[in-house]
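Each chain is listed here by its residues.
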Amino acid sequence: MATTQVSNAAADKGLPLGMDASMVDEYAAQSKLLQEFVKIPSVGKAWIFNSKNENTSRAMVSFSQSDLLANKMRKFLLNSHISKGEKLLLVRNAEDDSPTKLEVWGPCQLENEIHIPKSVHESLYTDGWFEGISWNQEETFVAYIAEEPPQPKPVFNDYGYKKDGSSEKDCKSWKGQGDWEENWGETYSKKRIPALFVVNTSSGEVRSVKGIPRSLSVGQVIWAPSSSYCLIFVAWSSDNGFQETPRKLGIKYCYNRPCALYAAPDPFREEPEKSSTYCEVSRVSPQDSDYSWNVLALDKNNILAVSSGLITLPQIYYGLEVSQTGRQWEWQEVLTPFPKPSDKISSIVAEHKFGILKIPISNPSDKLANGFGEEALQSLPGNAGSQDVNDVLTALDFVVKKGLIDPSNVAVVGGSHGGFLTTHLIGQAPDTFVAAAARNPVCNLSLMVGTTDIPDWCFVEVYGKEGKQYYSESPSVDDLVQFHQKSPISHISKVKTPTLFLLGAQDLRVPVSNGLQYARALKERGIESKLIVFPEDIHGIDKNDVTSPSFQWSPFPIEMSGVSVIMPSPSGSKLLVVRNGEKGSPTKLEIVDQSHVEKNIHVGQSIHGPLYSDEWFQGISWNQEETLIAYIAEAPPQPKPAFNDSGYEKEGPSEKDFNCWRGKEIGKRTGVKDTPKRADPSLFVLNIASGEVRAAQGIPRSLSVGQVVWAPSSSKGCQKYLVFVGWLEHNGFQNTARKLGLKYCSNRPCALYAIPSPFEALGENTLVSDGKSDSVVIAQNLTASISSAFFPRFSRDGKLLAFLSAKCAVDSGAHNATDSLYKINWPSEWNMNEQVPVVMCPEDGSFPGIYCSSMLYDPWLSDGYTMILTSAWRSTEVIISVDVLSGKITRITPKDSYYSWAALAIDVENILAVSSSPIDPLQIMYGCQVTPEDGACRWTWDEVASPLTTASNSVKSLLSHHSVRILEVPVDNPSADLCDGGKLPFQAIFVPYKDSSHRKQLTCPMQDVQDCLTALDHVIKEELIDASRVAVVGISHGGFLTAHLIGQAPDRFVVAAARNPVCNLALMVGTTDTPDWCYMVACGTEAKQYASESPSPDHLRLFYQKSPVAHISKVKAPLLMLLGGSDLRVPASNGLQYARALRERGGKVKIMMFPEDIHEINLPQSDFESFLNIGVWFKMHME
């Protein structure tokens, strides 16, 4: 019972991809146990140094331990007093263009620090193959292997190739990318030429070893005895491709790459002498040991080693030679302070036994080798997939016959060639294994040969020793057929075993495509399989698993009662809490420190009214020093005329005079339809220390301000500047003074302005209490050459000011259009450049242009020039990055996702975001940049567990029965009047909803009447819906379309609902806050020249003809009308007139009025009732 409860609880929180509730408890238990194993350290290297009196030695051992939370291996050094070590070389390879650092340490101090620039060499090799670092006997020189410095790149300018190159400050030229060079494949994708260098540890001078051809890659260097003064190293020729062509075939794990030992003179000394030695080989680890042994270091004639077995933990041993022949060794266990395994692991290990079995081969083939060793090894090529498979099955039969295992419960796992065997086994012996797992397996040699760094291996696996002579970069058709027949994929039709695939996305040895193809083919055949791809891992999958970010949520939410706005300071150490006053009470500003309220400031109505908290005018900005706060608030009201029984009172009444009354103020609005009581947004600055509030000076009263930000304090001399957006109220018809509706209307002219802080510019400590008084200071228009500028954001270094412009909308009159992005080099003469222009007709799938309705307060990544924006991308919203310097746009959310995404905040170079879809509740996501070895940066997204995103079981159950698709709807017979973009297929989001009879209905967002009907025809043709059961619903312009559709296509829809719909443009034009929109809908691009506050009879006739009311006589569908009583955008009169006219004609209509709601109908109760009634209305009329 307890287990069931735990599983259900886990299910409620949302399970990871590919996991069901039955796996949760087992997953938790196994992961906890695995963490215990991960804590066991692994021994790396060791060094032993002899003492001068030769009586004692001192050892230095390196070991590493996994740190799962940090996703890295932590490395440690351990000393033991059995040897001396006078000096230590510490290498710090640079990760960027900074120099490599070599530190030479003495017993207690840093003796020398050597910085080696990229022009000398790049990073030192630290792999297990090319790596070679060797001190000479006198400890005065160190030889090592490092990447050769990059070759010079050609330089070009407007005249072509520049022979003399260019200086670093030459901005009118660019460098070519140089020639492409081969690399050594897996693990070495960023390395090209390993070269040999020697450093003088005293002087710090570095010299390369001369005389080594560039076609040789060197490694494993050691110093010869001091008498010979020479260096011995291994070298591999790059000419080991097909027919000895220049190709560096993959070298890791590949011992078949030709190489040789070379000797070269020490570049600091003379030519060395030559010598040769002869050695005898004997086994020194115990003959009867089942353990594996590895040498760590030599202590004179003794050995420091590490041993381990399959079920034993690593243990360090010290080997003593006990006979002069060197054939008898005594091994003593060395006690170390390494962390001990937990009791649980020790107990588990103690329960297992380990032995090496000798398995007889029944009926051996004549083609098999006579024994083991090199002869048996050489017999495997050409017989892969048969001989090795039979060996495994023979071993399995043997242990089953011995009664050591249960034959009905056998699993198989393997990596690389072991994965090749694993997938062969489940295909050739399909009834043998109940489960399988394969890490980076070879599944299809015909696919692998063209993608791997070791194509020659594919030929050898298939043809045996003769494979080398058949090897070619372009395999023949016969070769490809042979590859397929020798591959596991040739047996895939027989596979029955559920299989887990673990693939490294950066694998060059067996590229990820191999495992993906096989896994997809299994799924295609209905076989259970699961894929896990590790984005940053190579063939070994040797990085720690990428862990999701750890978010520690508060156990209880804190209700912010009465709070209008909060804004943290740049450092996060302080918080501004705004409590807007109601009914004439003062506005309260609280400065909250990390543990207490530091300052409480009450601002009376005579200074300013409430702060703006909408998403458009709102602007609250801390200065960098966190001493001043700029914000937008309602200007103080102008005095109202006072009257009494005798008439007008010139001197005005006192507050206690009850025998008079005040007149009403002159009607004015901001144009923001959900703030009809706001009229005059103004700019103020608060001094936190003194609590003083001052209004910004020099801003004309005709300018409505918003979106204020502080300019960097270092800019424009010593003055502190404020940058803000200003909208002129003269944007009515014929430039008359009218504040047209602003919300959702990006076609309102605006500009960026700069003005000094009122605490510096005035020079007098005078409190400005009249809102906007005359001043010698004049706000400077920064963007006078364009008609729109908003969302100003300074880069972190203060050198760039980026902002968006809706000039396309302003100039055309369209209420929403594509934005462009500009930058100003601040403050150098405020030069303005367009970095991302308007996209007029995007190609299919490409960047469609910027469509931003909001922007983060701090949208910059850590590089200082990359902005993160949320923008519409066809049918969804996505997150994009913008290189402000080059204008390059990158979509960083998944390209194949039908979710909509929005950025929430930037975490240095990572992103906190939210995603959702029509059938998926919002989910918080954490995005991290990943830069694989190929240098192509991409983003990975981890789901963040949050109490905000949980859904009830009933909601999850309901949503689980639905799916969502984005359809590409072709435009049939497009009109010649359409632009090129209008003729392209458009997208529609399709969500099949199932009723009790499991018949489908359609709800689709529509762009115009014809597009909607085309989309409807498309889904009917695709048999996605029942054409006799189609409903339609829309809001605002969607309501306009809804009313049009039921009038123009009366037989297509069985029921309809409309929220605040546009039904009659002729009525709306005189009542709305956006009369210009009525002209745009009716007159198109010529609207601006015809627009007038008093439409002509011809225009009224045109408005009526373009309205749904013109088709009302044909309507048959029952209509639910939902209206907001305080709607300024589409006043309720529009919907009421249409509903009454429909009822007058005998139509079935229901009206719901929400008196306090604006255009959105967004009060919680109203929104709830609205959609509840839509659902009931649809269900009633669909049955």
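On a predicted model such as this, the values are computed, not experimentally measured, just so you know.

### Concerning the pairing of strand S24 (residues 529-534)
No. 1: Summarising the sheet, strand S23 (residues 499-504) and S24 pair through six bridges and their orientation is parallel. Along S24, the bridge assignment pairs Phe-501 with Leu-531.
No. 2: In terms of handedness, the path from S23 via helix H11 (residues 512-524) over to S24 forms a crossover that is right-handed.

### Section: the sheet that holds strand S13 (residues 206-208)
No. 1: With antiparallel pairing, the four strands of this open sheet are ordered in space as S7-S8-S12-S13. Two strands lie at the open edges of the sheet, namely strand S7 (133-135) and S13, each paired on one side alone. Neighbour-to-neighbour, the strand axes of this sheet turn through a mean angle of 25°, independent of strand direction.
No. 2: Across seven bridges, the pairing between strand S8 (residues 141-147) and strand S12 (residues 194-200) is antiparallel. Residue pairing in the sheet places Ala-143 in a bridge with Val-198 of S12.

### Considerations on the sheet that holds strand S34 (residues 681-687)
No. 1: With antiparallel pairing, the four strands of this open sheet are ordered in space as S29-S30-S34-S35. Each end of this open sheet is capped by a strand with a single partner; those strands are strand S29 (620-622) and strand S35 (693-695). Ignoring strand direction, the axes of neighbouring strands in this sheet form an average angle of 25°.
No. 2: Bridge count between S29 and strand S30 (residues 628-634): three bridges; the pairing is antiparallel.

### Describing the packing of aromatic side chains
No. 1: Summed over all chains, the structure comprises 26 aromatic pairs.
No. 2: Arranged with centres 5.6 Å apart and planes meeting at 65°, the rings of Tyr-612 and Phe-617 form a pair that is edge-to-face. With respect to burial, Tyr-612 and Phe-617 carry one shared label: buried.
No. 3: Arranged with centres 6.2 Å apart and planes meeting at 25°, the rings of Trp-939 and Trp-941 form a pair that is stacked.
No. 4: On the accessibility criterion, Trp-939 (14% relative accessible area) is buried.
No. 5: Through successive ring pairs, a cluster of aromatic residues spans Tyr-612, Trp-616, Phe-617, Trp-727, Phe-790 and Phe-791.
No. 6: It is Arg-891 that lies over the ring of Trp-873; its NZ or CZ is 5.2 Å from the centre.

### A few points about the side chain of Glu-148
No. 1: Residue position: Glu-148 is located in the loop between S8 and strand S9 (155-157).
No. 2: The contact partners of Glu-148, leaving out residues within four places of it in the chain, are Glu-122, Ile-193, Ala-195 and Arg-214.

### Observations concerning helix H21 (residues 1132-1144)
No. 1: Compared with the 18 Å implied by 1.5 Å per residue over 13 residues, the 18 Å span of H21 between its first and last C-alpha is a close match.
No. 2: Looking at H21, one finds that the buried residues are Ala-1132, Asn-1134, Gly-1135, Leu-1136, Tyr-1138, Ala-1139, Ala-1141 and Leu-1142.
No. 3: Contacts made by the buried residues of H21 are with helix H16 (1037-1048), helix H17 (1065-1068), strand S57 (1119-1124) and strand S58 (1149-1154).
No. 4: Within two residues after H21, Gly-1146 carries a phi angle of roughly 85°, on the positive side.

About the cut-offs
Residues numbered from 1 in each chain as written. Predicted model: local features only at pLDDT ≥ 70, side-chain atom pairs only at ≥ 80, totals over all residues. Heavy atoms only, no water. Pairing = 2+ DSSP bridges. Helix = DSSP H or I, 4+ residues; strand = E, 2+ residues; numbered from the N terminus. Right-handed = clockwise from strand over helix to strand, strands pointing away. Axes fitted to C-alpha atoms, helices over the stretch in contact; angles between N-to-C directions. Phe/Tyr/Trp six-rings, centres within 6.5 Å; stacked < 30°, edge-to-face > 60°. Buried < 20%, exposed > 50% of the residue type's maximum accessible area, 1.4 Å probe, protein only. Lys NZ or Arg CZ within 6 Å of the ring centre and 35° of its normal. Contact = heavy atoms within 4.5 Å. Expected span 1.5 Å × (residues − 1).

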